[in-house]
Amino acid sequence: MSELVRQSSPYIGAVYVQMGAIVLLGGIGYMVDRWRDSFPLYFVIGIGVGIIVGLYELAKLMLYKK
């Protein structure tokens, strides 16, 4: 069991990075929208950039696996 967890830990980390990027950048976009009164423009941009960053990190892990 521990070998399986050890092998899958980089992928679990990549999922946490993706989730964190989406939440963080979406939250920043939400705050900018509240400040500028332009909801949902920056929120959607933040979510989109968060998804792109998360997918980039996942692809980087999968393509350059050692």
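Structure shown above.
The structure reproduced in this document is the subject of the present report.

1. So, the overall build of the protein chain
Now for step 1: Looking only at helices and strands, one finds 2 helices and 0 strands in the protein chain.
Now for step 2: Radius of gyration (C-alpha) of the protein chain: 15 Å, far over the 11 Å computed for a compact globule of 66 residues.
Now for step 3: Dimensions along the principal axes, computed over C-alpha positions, put the protein chain at roughly 50 × 20 × 10 Å.
Now for step 4: Expressed as a percentage of its 66 residues, the buried residues of the protein chain come to 14%.
Now for step 5: Across the protein chain, every contact between residues at least 6 apart in sequence was considered, and the portion connecting residues at least 24 apart equals 55%.
Now for step 6: Looking at charge distribution, the protein chain has the averaged site of its 6 positive side-chain charges lying 9 Å from that of its 4 negative ones.

2. Observations regarding the packing of aromatic side chains
Now for step 1: Counted by the stated rule, this structure contains 3 aromatic pairs.
Now for step 2: Judged by centre distance (6.4 Å) and plane angle (80°), the rings of Y30 and F43 are edge-to-face. Here the residue Y30 occupies a position in helix α1 (residues 2-36), and F43 occupies one in helix α2 (residues 41-63), the gap between them amounting to 13 residues.
Now for step 3: Of the aromatic side chains, those joined through ring pairs into one cluster are Y30, F39 and F43.

3. Observations concerning unusual backbone geometry
Peptide bonds are mostly trans, and most non-glycine residues show a negative phi.
Now for step 1: For the bond running from F39 to P40, omega is 10°, close enough to zero to count as cis.
Now for step 2: Here P40 lies in the loop between α1 and α2.
Now for step 3: Its identity is not glycine, yet D37 carries a phi of approximately 55°, on the positive side.
Now for step 4: Within the secondary structure layout, D37 lies in the loop between α1 and α2.
Now for step 5: Owing to a relative accessible area of 71%, D37 belongs among the exposed residues under this scheme.

Rules used throughout
- Residues numbered from 1 in each chain as written.
- Predicted model: local features only at pLDDT ≥ 70, side-chain atom pairs only at ≥ 80, totals over all residues.
- Heavy atoms only, no water.
- Helix = DSSP H or I, 4+ residues; strand = E, 2+ residues; numbered from the N terminus.
- Rg over C-alpha atoms; globule rule 2.2 N^0.38 Å.
- Buried < 20%, exposed > 50% of the residue type's maximum accessible area, 1.4 Å probe, protein only.
- Contact = heavy atoms within 4.5 Å.
- Lys, Arg positive; Asp, Glu negative; His and termini not counted.
- Charge placed at Lys NZ, Arg CZ, Asp CG, Glu CD.
- Phe/Tyr/Trp six-rings, centres within 6.5 Å; stacked < 30°, edge-to-face > 60°.

As far as function goes, none of this settles anything; it's purely spatial.
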